[in-house]
Amino acid sequence: MSKYLDLTIPEIHELYVKKELTPSILLEEVFERIKARKSLNCLITCCQEEALERARELEKEEVGGLLWGIPILIKDNIVTKGIRTTCASKMLENFIPIYDAFVVEKIKKAGMILVGKTNMDEFAMGSTSETSYFGPPKNPWNEAYITGGSSGGNASAIAARIVPLSIGSDTGGSIRQPASYTGIVGMKPTYGRVSRYGLIAFASSLDQIGPMTRTVYENALLLNAIAGKDQNDLTSSSKEVEDYTALIGKDVRDLKIGIPSYLVSDVVSKEVSEVFNHVVNLLKKNGNTVELVDISYLKHAVSLYQIIAMGEASSNLARFDGVRYGYRTENPETIDALYEKTRSEGFGEEVKSRIMVGSSLLSGKNAKLYYDKALSIRDDMRESFLASFQKYDLLIAPTTTTPAYQLGEVMKDPLKTFMDDILVIPANMAGLPAMNLPAGFNQNHLPIGMQIIGAPFGEAKMYQLASFLEKELNLDLEGGRK
Amino acid sequence: MKKLSVEEVKHVAHLARIQVSDEEIESYRTRLGALYEMVDGIHEIEGYSEEMMITPVEEVCSLRKDEVGAMLDGASVLSNAPKTNGKFIEVPVVINE
């Protein structure tokens, strides 16, 4: 029977300090819940033995900081030493990394306990997590529905309250979109705020690691633990890591907030608009200015994003050739056959399609026609966003155009999955921090989220607004718990 | 909806070093055609500046010091290789005798 897992992290910490609770006891509850919610298919690998051993080690030490002894899940595209990391692909079905990603080292140092690796779209390519080689995770609010993706397993597990914390990755909305569909908090930090060392690369100029959690405060706590400069990722920022919880709970008044007009255009469904408009009215009522703002090229964001993402992916995924690690075809006669058969048999259809198109977009004269042009327009888009922050403290928008839909729907229309991400892609294009905050529900009681987009390295201010809205909206987000 | 020719599918599959069977080619003609149709939206855009954004990073990327640090040992590197002879990774012969 659960007693402790629904407490807040500071409450759990207090019990640890008073020696009224141990990490092993908390883990028992986690594993009970994993077992009880097996149908969610949110984990690819559960590391029960390793977690229990880690808990016993921790119990020999003094209690550490707030995150000490807190169970955590990691997306299965982030490498974990000695623990299978598959990227939800047959290609890496049996891959055991020999080093830890930067964020994994960080969580271990802070005393968190890794309990499993989460399900996802294969190589993070997808928006519903249905491209997983291990079958799709389910939305805990209604298991007939998608979780979103690609960090669908994280979203499912957090919404089901299996653990308080998880780490996902976001290349074109992969943290925020599933967070929106499942009623959880998901932050994609500024590009460079969190090291990508050990994140299996999809599109290197867009990928970013970030926290997915139950609440705003817990999200900021986890970002505190994983942010920072890393010598192994030269794109990680040397800017000092702030305390991201510092502004949480502070009053929100006299803020100037912009809404990118395309992100509230007729691409957004009525049910999502209603929830979003309610938030806008709430902010105005509390003395904040909320206005529409034009950001260039948002209408074309999906085309631009796909050119860059598929191009970079085709180059990054060239390393899966059956030579050094991962799947290898049986008895290839030549080296070319080894490459071509391995990749044909090891990758799923979605991944293969994107690699093929990406390869051709980068080949010959296409490189100039597509890739270079996309990078130029991307620069203009970022400039347009940065100019808006001269006038506005923060931007807000819906996260998704609709709430979650039923499993299987997208397979009928492969392009739907791309258009689903139209509201979340722009932040990746511009390298800006953006987060999802649960904002309401539709008539079927499925969660609807909203985004807060910040200026570069403006995460603390975003958490301030998010925590204010979290308190004011006071939503019951326990519907994923059964 | 745009549909690629059989030759076009074979060409991009070769670029990507992915083998496609004759049965698969048909489904890729439509699937890849749809992706091209989406990215072709870029041709509508005019009047943009020439400056390219290679990365969102604005800081000057500094290289770390050239010092010997932690290294991986051979046995662990080979541990994930699909085929080894104990010391080296094995692949089909690439040099003609």
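What you see is a predicted model; the values in this text were computed from it and never measured.

Criteria and thresholds
Residues numbered from 1 in each chain as written. Chains lettered and ligands numbered in written order. Predicted model: local features only at pLDDT ≥ 70, side-chain atom pairs only at ≥ 80, totals over all residues. Helix = DSSP H or I, 4+ residues; strand = E, 2+ residues; numbered from the N terminus. Rg over C-alpha atoms; globule rule 2.2 N^0.38 Å. Buried ≥ 20, exposed ≤ 12 C-beta atoms within 10 Å, placed from the backbone. Contact = placed C-beta atoms within 7 Å. Axes fitted to C-alpha atoms, helices over the stretch in contact; angles between N-to-C directions. Parallel < 35°, antiparallel > 145°, perpendicular 65-115°, else oblique. pLDDT = per-residue confidence, 0-100. Nonpolar A, V, L, I, M, F, W, Y, C, P; charged D, E, K, R; others polar. Pairing = 2+ DSSP bridges. Core = buried A, V, L, I, M, F, W, Y, C linked by C-beta atoms within 7 Å. Expected span 1.5 Å × (residues − 1). Left-handed = near helix turned anticlockwise from the far one by under 90°.

A tally of regular secondary structure across chain B gives three helices and zero strands. Each helix and strand of chain B, placed in order from N terminus to C terminus, yields the pattern α-α-α. By the compact-globule yardstick of 13 Å for 97 residues, chain B is too spread out, its C-alpha radius of gyration being 23 Å. For chain B, the C-alpha atoms occupy an extent of roughly 50 × 45 × 25 Å along the three principal directions.

A few words on the overall build of chain A. What chain A contains, in helices and strands, is 15 helices and 11 strands. Taken over C-alpha atoms, the radius of gyration comes to 21 Å for chain A, in line with the 23 Å a tight globule of 482 residues would show. With the C-alpha coordinates aligned to their principal axes, the bounding extent of chain A is approximately 65 × 55 × 45 Å. Within the span of chain A, comprising 482 residues, buried residues form 59% of the whole. For chain A, long-range pairs separated by at least 24 residues make up 76% of all intrachain contacts whose partners lie at least 6 apart in sequence.

Turning to the packing of helix H1 (residues 6-15) of chain B against helix H2 (residues 22-39) of chain B, a few remarks are in order. Residues and elements named next belong to chain B. In contact at an axis separation of 9 Å, H1 and H2 are set at 85° when each is read in the N-to-C sense. On the basis of their axis angle, the class for H1 and H2 is roughly perpendicular. For the pair H1 and H2, contact is made by Val6, Val9 and Val12 and by Ile25, Tyr28, Arg29 and Leu32, respectively.

Residues and elements named next belong to chain B. Within chain B, residue pLDDT values average 90, and 99% of them lie at 70 or more. The element-level mean pLDDT for chain B is lowest in H2, coming to 90, with H1 highest at 94. Predicted complex metrics record ipTM = 0.94 and pTM = 0.97.

Here we take up the interface of chain B and chain A. Opposite the 45 residues of chain B that make contact, chain A presents 59 residues. Looking at the side of chain B that touches chain A, the elements that each hand over two or more residues are H1, H2 and helix H3 (74-78) of chain B. Ranked by the residues each element gives to the side of chain B that touches chain A, the list is headed by H2(B), at eight residues. Looking at the side of chain B that touches chain A, its residues break down into 31 nonpolar, seven polar and seven charged.

Before going further, it helps to spend a moment on the pairing of strand S4 (residues 165-169) of chain A. With respect to burial, S4(A) is a largely interior element, five of its five residues being buried. Of the two faces of S4(A), the one carrying A:Leu165, A:Ile167 and A:Ser169 and the one carrying A:Ser166 and A:Gly168 are both buried.

This part is about the environment of A:Leu7. Residues and elements named next belong to chain A. Relative to the elements of secondary structure, Leu7 occurs in the segment before helix H1 (9-17). The exposure class assigned to Leu7 is partly exposed, which follows from the 16 C-beta atoms found within 10 Å. Residues Leu7 and Ala225, spaced 218 residues apart in sequence, show a C-alpha to C-alpha distance of 20 Å.

Residues and elements named next belong to chain A. On the secondary structure map, Met125 appears in the loop between strand S3 (113-118) and helix H5 (152-159). Placed 24 residues apart in sequence, Met125 and Gly149 show a C-alpha to C-alpha distance of 8.4 Å. For Met125, the residues in contact, after removing those within four places along its chain, are Thr131, Ser150, Phe202, Glu350, Val351 and Arg354.

Turning our eyes to something else, we now look at the sheet that holds strand S8 (residues 289-293) of chain A. All names here are of chain A. Strand order in the open sheet formed by 11 strands is S1-S3-S2-S4-S6-S5-S10-S11-S9-S7-S8, with mixed pairing between adjacent strands. This sheet does not close on itself; its edge strands, each paired only once, are strand S1 (43-46) and S8. Each adjacent strand pair in this sheet contributes to an overall mean axis angle of 30°, direction not counted. Across five bridges, the pairing between strand S7 (residues 256-260) and S8 is parallel. Bridging from a neighbouring strand, Ile257 pairs with Val290 of S8. Across the sheet, helix H15 (residues 459-473) lies against strand S9 (394-398), strand S10 (434-441) and strand S11 (447-453), angled at about 10° from S10, the strand it touches most.

Once that is clear, we can look at the nonpolar core. Residues and elements named next belong to chain A. By size, the foremost hydrophobic cluster in this structure holds 156 residues, and its most contacted members are Ile72, Val103 and Ile452. Tallying contributions element by element places helix H9 (residues 301-316) first for this core, with nine residues. Leaving out residues up to four positions away in the same chain, Ile452 has contacts with Leu394, Ile396, Ala434, Met435, Leu437, Met462, Leu465 and Ala466.

With that settled, consider the environment of A:Leu21. All names here are of chain A. Relative to the helices and strands, Leu21 resides in the loop between H1 and helix H2 (23-36). Residue Leu21 is classed as partly exposed on the basis of its 19 C-beta neighbours within 10 Å. Residues contacting Leu21, with those up to four places away along its chain left out, are Tyr4, Ile12, Leu15, Tyr16 and Leu26.

Here we take up H2(B). An ideal rise of 1.5 Å per residue puts 26 Å on 18 residues; H2(B) measures up with 26 Å between its terminal C-alpha atoms. Of all the positions in H2(B), only B:Tyr28, B:Arg31, B:Leu32, B:Leu35, B:Met38 and B:Val39 are classed as buried.

Residue and element names in this part refer to chain A. For the pair H2 and helix H3 (residues 48-59), interaxial distance at closest approach is 9 Å and the crossing angle is 160°. Here H3 runs roughly antiparallel to H2, going by the angle between their axes. H3 is crossed by H2, and the crossing has right-handed handedness. Contacts between H2 and H3 involve Pro23, Ser24, Leu27 and Phe31 from the first element and Gln48, Ala51, Leu52, Ala55, Arg56, Leu58 and Glu59 from the second.

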